[in-house]
Amino acid sequence: MIKLISFKNCPFVQRVMGALVTKNIPFEIEYIELSNKPQWFLDISPNGQVPVLVTEDKTVLFESDAIVEYLDDKYLPIEQLAAEQKALDRAWSYQASKHYMAQCGTMGSKDKETFETRLANLAKSFAKAEAKLGDTRFFKGDSISNVDIAWLPLLHRAAVIKNCTGFDMLDGFPKVQKWQTTLIESGLTEKTVPNDFVNTFSHFYLKNTYLASLVDSAAVNGETSCCETACCG
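Quick caveat, the model's predicted, so the values are computed rather than measured. (Residues numbered from 1 in each chain as written. Predicted model: local features only at pLDDT ≥ 70, side-chain atom pairs only at ≥ 80, totals over all residues. Heavy atoms only, no water.)

Where do I start with the pairing of strand S2 (residues 27–31) in this structure?
Both faces of the sheet carry side chains from a regular strand, because those side chains alternate between them. In this structure, strand S1 (residues 2–6) lies alongside S2, joined through 5 bridges in parallel fashion. In the strand pairing of S2, Leu4 is matched with Ile29. On the question of chirality, the crossover connecting S1 to the parallel S2 by way of helix H1 (residues 11–22) is right-handed. (Pairing = 2+ DSSP bridges. Helix = DSSP H or I, 4+ residues; strand = E, 2+ residues; numbered from the N terminus. Right-handed = clockwise from strand over helix to strand, strands pointing away.)

Written out as structure tokens, the structure is:
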């Protein structure tokens, strides 16, 4: 069976899990701590990063783009595409994945000024998606594609931030907000993160950050916050 090596907060891993789940490919998963990487992991991972996928024949694959392409080549793709559309899908997927770390940096900002500066840069990616989206349920139509899976980590984390702090990173992008809702309602988010994801996520981004002050404000004002019960123990 395929084995995925993961870190619980990693958006790149969530993207790979999205591909595995959507394709109904059986897999097992092992979580590691990036602050204390085991030697066996360092021995097999060329860059010491997740995701790492160990195939059924024990080939070790790394880099999420390469892993997702491998899953399309090895197993039936989610949809049959002409070469031009496949290239476009990869380009739009890259528009998402290249902003994963930018979103992490934004969420980890320590002060309001830094947060707003980083958010303004991150918002450029959402603006591109807003201009491209039409009236369909998902990015290209009424079925989930590789593009939707690539954008899932960005949209999911924005939803967690909104639920916990009341701050909407997608404010001003109504089509993207609708797309976000559709993806979350599809159930794919729940299947691509661990059960304690919100708790783990919050210890990274909702403590000692600017966003943490918004959580505190929500608590003072008596507003509902996911962190009141799930993440701020």
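Which parts of the structure should I look at to understand the environment of Thr192?
Inspection of the secondary structure puts Thr192 in the loop between helix H9 (188–191) and helix H10 (197–205). The exposure class of Thr192 is buried, given its relative accessible area of 2%. Counting along the chain gives 120 residues from Thr192 to Asp72, while the straight-line C-alpha distance between them is 18 Å. The residues contacting Thr192, other than those within four sequence positions of it, are Gln14, Met17, Gly18, Val21 and Leu152. Side chain to side chain, Thr192 and Gln14 meet in a polar contact 3.1 Å long. At a separation of 3.1 Å, a polar atom in the side chain of Thr192 contacts the main-chain carbonyl oxygen of Thr189. (Buried < 20%, exposed > 50% of the residue type's maximum accessible area, 1.4 Å probe, protein only. Contact = heavy atoms within 4.5 Å. Polar contact = N/O pair within 3.5 Å; in protein donor to acceptor, adjacent residues only side chain to side chain.)

Whenever I open this one, unusual backbone geometry confuses me. Can you help?
A cis amide bond links Val50 to the next residue, Pro51, at an omega of 5 degrees. Assignment of secondary structure puts Pro51 in the loop between helix H2 (39–44) and strand S3 (52–54). One non-glycine residue with positive phi stands out, namely Asn24, at about 60 degrees. Relative to the helices and strands, Asn24 resides in the loop between H1 and S2. What makes Asn24 exposed here is its relative accessible area of 66%. Phi at Glu63 is positive, roughly 75 degrees, even though this residue is not glycine. Among the secondary structure elements, Glu63 is positioned in the loop between strand S4 (60–62) and helix H3 (64–74). With a relative accessible area of 43%, Glu63 lands in the partly exposed category.

Explain the packing of H1 against H3 here, please?
Axes are the key here: two packed helices are described by the angle between their axes and the distance separating the axes. Here H1 crosses H3 at 5 degrees, and the two axes come no closer than 10 Å. Here H1 is positioned roughly parallel relative to H3, judged by the angle of their axes. Residues Phe12, Arg15, Val16, Ala19 and Leu20 of H1 form the contact with H3, whose own contacting residues are Ser64, Asp65, Ile67, Val68 and Leu71. Tallied by class, the residues present in the contact of H1 with H3 amount to 7 nonpolar, 1 polar and 2 charged. (Axes fitted to C-alpha atoms, helices over the stretch in contact; angles between N-to-C directions. Parallel < 35°, antiparallel > 145°, perpendicular 65-115°, else oblique. Nonpolar A, V, L, I, M, F, W, Y, C, P; charged D, E, K, R; others polar.)

Please explain the side chain of Ser109 as it appears in this structure.
Within the fold, Ser109 resides in the loop between helix H5 (100–107) and helix H6 (112–132). Judged by relative accessible area, which is 1%, Ser109 ranks as buried. Among the polar contacts made by the side chain of Ser109, one reaches the side chain of Arg118 at a distance of 3.3 Å. When sequence neighbours within four positions are dropped, the list of residues in contact with Ser109 reads Thr114, Phe115, Arg118, Thr209 and Tyr210.

Just geometry here; none of it tells us what the structure is for.
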